[in-house]
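Structure at a glance
Each chain, written out:
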Amino acid sequence: MSLEQLKADVAECVALLEHAKSARVKGALTQAKAEAEREIINLEIKARLAAERQAGADSKRYLHELTDYGWDQSSKFVKLFITLAGVQNCAEEAVTVKYTDHSLQLHVSDLNGKDFGLTVNNLLYAIDIEKSYRKLKTDMVAIYLKKVEEGQSWDVLTSIQKRLKQKQDNELAKESENPEGALVNIMKKMYNSGDSKTKQMIAKAWTESQDKARFGSEVGGLGNLGDL
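Residues numbered from 1 in each chain as written. Predicted model: local features only at pLDDT ≥ 70, side-chain atom pairs only at ≥ 80, totals over all residues. Heavy atoms only, no water.

Some remarks on the environment of L16
This is how it is decided: Strands here are runs of E lasting at least two residues and helices are runs of H or I lasting at least four, both read from the DSSP assignment and numbered beginning at the N terminus. Note on classification: 1.4 Å probe, protein chains only; a residue is buried when its accessible area is under 20% of the maximum for its type, exposed when over 50%, partly exposed between these limits.
By secondary structure assignment, the location of L16 is in helix 1 (residues 3-19). Using a relative accessible area of 42% as the deciding quantity, one classes L16 as partly exposed. Sequence separation of L16 and L29 is 13 residues, and the distance between their C-alpha atoms is 7.6 Å.

Below, the structure written as structure tokens:
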């Protein structure tokens, strides 16, 4: 029997007791009322214990940080696409996005026993919080960020990416002015990020190139002496 039905039974017993005259009837109604109240207490305890167990299970779920996503834009929106298998089966309230004018935070609760989150801070330009929204698609969450300034083109998603791009462009410009120095920098980067085998190969190539350069210089020097 449901909690609502039991409460209705108690209310009916109370109403009948007010009009009962026989001691036997009053006793039966009082006993029925007590039994219904006891069942109400039992159901409330079970419901509370179930809620506490669920809260404990929720708190133990590990939050998986999402880092991979694609993005695109139109004249009005910047669109993010986050691949997440089975997300279309989640309840609407289990997939939330919090916005500020320069950030977003996606949270997916209890998808196959796991929580998932994605945070993007320092958006390149301001967004309209009220007009931004998300959609659930098959194995995907699509987030639509409304541009405050429609028609404005975003060449990157965040201001941090913008600064990194500018730094890389400056480095490329410097390297184009000094091709030899650019080659040295590339080899240094490959050496620092490579495994032991890669480092051995780069070290060998570098040594050989230096030997060739030194050998070529010596040959050039001998030729000049012969001319004398």
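Thoughts on the sheet that holds strand 3 (residues 77-83)
For the record, the criterion: Two strands qualify as a pair provided DSSP detects at least 2 bridges between them. Whenever a helix is involved, its axis is fitted only over the stretch in contact; in every case the axis is a line through C-alpha atoms, and angles between N-to-C directions fall within 0 to 180 degrees.
In space, the four strands of this open sheet follow the order 2-3-8-7, with antiparallel pairing throughout. Where the open sheet ends on each side, the last strands, each with one partner, are strand 2 (70-73) and strand 7 (127-137). Recorded for the sheet is a direction-independent mean angle of 20° between the axes of neighbouring strands. Strand direction decides the pairing type here: strand 3 and strand 8 (residues 140-147), joined by seven bridges, are antiparallel. Bridge pairing links K79 to Y144 in strand 8.

Regarding the side chain of S132
Here is the rule: Think of a polar contact as two N or O atoms within 3.5 Å of one another; within protein, one of them needs to be a possible hydrogen donor and the other a possible acceptor, and neighboring residues in sequence only count if both atoms come from side chains. Whether two residues are in contact is decided by their heavy atoms: any pair within 4.5 Å suffices.
Take S132: it is sitting in strand 7. From its side chain, S132 meets the backbone nitrogen of K146 in a polar contact 3.0 Å long. With sequence-adjacent residues up to four places away left out, S132 is seen in contact with Y99, I127, Y144, L145 and K146.

Observations concerning the pairing of strand 8
With respect to burial, strand 8 is a largely interior element, seven of its eight residues being buried. The pairing of strand 7 with strand 8 spans seven bridges and is classified as antiparallel. Within the sheet, the bridge partner assigned to Y133 lies in strand 8 and is Y144.

Brief notes about the nonpolar core
Definition in use: Nonpolar cores are built from buried Ala, Val, Leu, Ile, Met, Phe, Trp, Tyr and Cys residues. Side-chain atoms within 4.5 Å join them into one set.
In this structure, L80, L106, V108, I143 and L145 are the most contacted members of the largest nonpolar core, which totals 27 residues. For this core, the elements supplying multiple residues, two or more each, are strand 3, strand 4 (95-100), strand 5 (103-111), strand 6 (114-120) and strand 8. At four residues, the largest contribution of residues to this core is made by strand 5.

Overview of the pattern of salt bridges
Quick reminder of the rule: By convention in these notes, a salt bridge is any Lys or Arg side-chain nitrogen within 4 Å of a carboxyl oxygen on Asp or Glu.
Under the counting rule described, the total for this entry stands at four salt bridges. R134 serves as the salt-bridge partner of E92, at 2.9 Å between the closest nitrogen and oxygen. Highlighted residues: E92 in the loop between strand 3 and strand 4 and R134 in strand 7, separated in sequence by 42 residues. With relative accessibility at 18%, the residue R134 sits in the buried group.

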